[in-house]
Amino acid sequence: MKFDITTLEGAANGALDLDDAIFGLEPREDLIARMVRYQLAKRRAGTHAVKNRAEIARTGKKMYKQKGTGSARHGSARVPQFRGGGRAFGPVVRSHAHDLPKKVRALALKHALSAKVKDGSLIVIEAANADAPKTAALKANFAKIGLTNALIIDGAELNANFARAARNIPQIDVLPVQGINVYDILRREKLVLTKAAIDALEARFK
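For every chain, the first residue of the written sequence is number 1, and numbering continues from 1 onward in sequence order. Residue-level local features of this predicted model are given only where pLDDT is at least 70; pairs of side-chain atoms are given and counted only at 80 or more, and the full residue set underlies all totals for whole chains, interfaces and linings. Side-chain descriptors were evaluated using all non-hydrogen atoms of the structure, hydrogens and water having been removed beforehand.

**Description of the pairing of strand E4 (residues 150-154)**
A regular strand carries its side chains on alternate faces of the sheet. In this scheme, a residue with accessible area under 20% of its type's maximum is buried, one over 50% is exposed, and one in between is partly exposed, where area comes from a 1.4 Å probe on protein chains only. Runs of H or I in DSSP of at least four residues are treated as helices and runs of E of at least two as strands, each being numbered from the N terminus. Extensive coverage of E4 is indicated by the burial of five of its five residues. Of the two faces of E4, the one holding Ala 150, Ile 152 and Asp 154 and the one holding Leu 151 and Ile 153 are both buried throughout. Two strands pair when backbone bridges link them, and E4 and strand E5 (residues 172-176) are joined in this way by five bridges, in the parallel orientation. Its bridge partner lying in E5, Ala 150 is registered against Ile 172. The parallel pair E4 and E5, bridged by helix H5 (residues 160-166), forms a crossover whose chirality is right-handed. The criterion for strand pairing is that DSSP finds at least two bridges linking the strands in question. Handedness of a crossover: with both strands directed away from the viewer, a clockwise path from the first strand across the helix to the second marks it as right-handed.

In structure tokens, the structure reads:
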């Protein structure tokens, strides 16, 4: 499909052909949802933990004799029913990650890109460059093309001045093409791709 290219100043700068196999699919919400769930589960720390009865620093000696006291029989003060005892069936350190086939992950990314094209939220720019790391100047350029909440994807190497200027602007994320992911695409209103990013994506999915 033909797609217009713009500059950071908002001027038209020609057009290019987008691969329909990447940008022209009918978005499937189930695939995108599976990928988002996979990403969010994988990034969970899973470091929550409690002490069970084996980890409590307390004597294991029988508290009192088995019979004749009139009280319930007990053998250890480490058990959960006593104050200071171990927690029964509490959380342990673990990974929350689950498997998702590589082909499904790749397909979900294609569908997320296609969804942005379908709802008119994709912008293609010539390059993401800045002469100086000036946030005010970059913010003024973004205003010209209506960017207030966006994910900007550049080629393999980010322009240092552009990245420094953009990191001070709220709700603007800048990533190299190898960092593109479904969750970040969905959490921002606009997706901005440079020509270098599109070339890299099309080469990746060949």
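**Side note on the pattern of salt bridges**
Salt bridge, as applied in this entry: a Lys or Arg side-chain nitrogen positioned within 4 Å of an Asp or Glu carboxyl oxygen. Under the criterion given, the structure shown has seven salt bridges. Note that Arg 28 is salt-bridged to Asp 30, the shortest N-O span being 2.7 Å. Residue class for Arg 28 comes out partly exposed when judged on its relative accessible area of 39%. Three or more residues are tied together by salt bridges with common partners; here these are Asp 173, Asp 184, Arg 187 and Arg 188.

**Description of the packing of aromatic side chains**
Two rings from Phe, Tyr or Trp (for Trp, the six-membered ring) form a pair when their centres sit within 6.5 Å of each other. Planes less than 30 degrees apart are called stacked, planes more than 60 degrees apart edge-to-face, and all others tilted. On inspection of all chains with the given rule, the structure shows one aromatic pair. An angle of 70° between the planes, with centres 6.2 Å apart, marks the rings of Phe 142 and Phe 162 as edge-to-face. Of this pair, Phe 142 sits in helix H4 (residues 135-144) while Phe 162 sits in helix H5, and the two are 20 residues apart along the sequence.

**With respect to the domain arrangement of the protein**
When cut into domains, the protein gives domain 1 (2-44 + 97-205) and domain 2 (47-93). Put simply, the middle of domain 1 and the middle of domain 2, counted by C-alpha atoms, are 54 Å apart. As used throughout, domain bounds are those supplied by an automatic or database domain assignment.

**Digging into the nonpolar core**
Residues enter a nonpolar core if they are buried and are Ala, Val, Leu, Ile, Met, Phe, Trp, Tyr or Cys, with the set joined through side-chain atoms within 4.5 Å. Phe 23, Leu 113, Leu 122 and Leu 193 are the most contacted members of the largest nonpolar core, which totals 32 residues. In terms of residue count, helix H3 (residues 102-118) provides more of this core than any other element does, six residues in total. We call two residues contacting when some pair of their heavy atoms lies within 4.5 Å. In contact with Phe 23, not counting residues within four places along its chain, are Met 1, Leu 18, Leu 113, Ser 114, Val 117, Leu 122, Leu 193, Leu 201 and Glu 202. The next biggest cluster of nonpolar side chains, apart from the first, holds 17 residues, and it includes Leu 8, Ala 130, Ala 166 and Val 192.

**Regarding the pairing of strand E2 (residues 12-17)**
In terms of strand pairing, strand E1 (residues 2-6) meets E2 through four bridges, oriented antiparallel. If you follow Phe 3 over to E2, its bridge partner there is Leu 16. Hairpin connection between E1 and E2: a loop of five residues separates the two successive antiparallel strands, and Gly 10 in this loop has a positive phi of roughly 95°.

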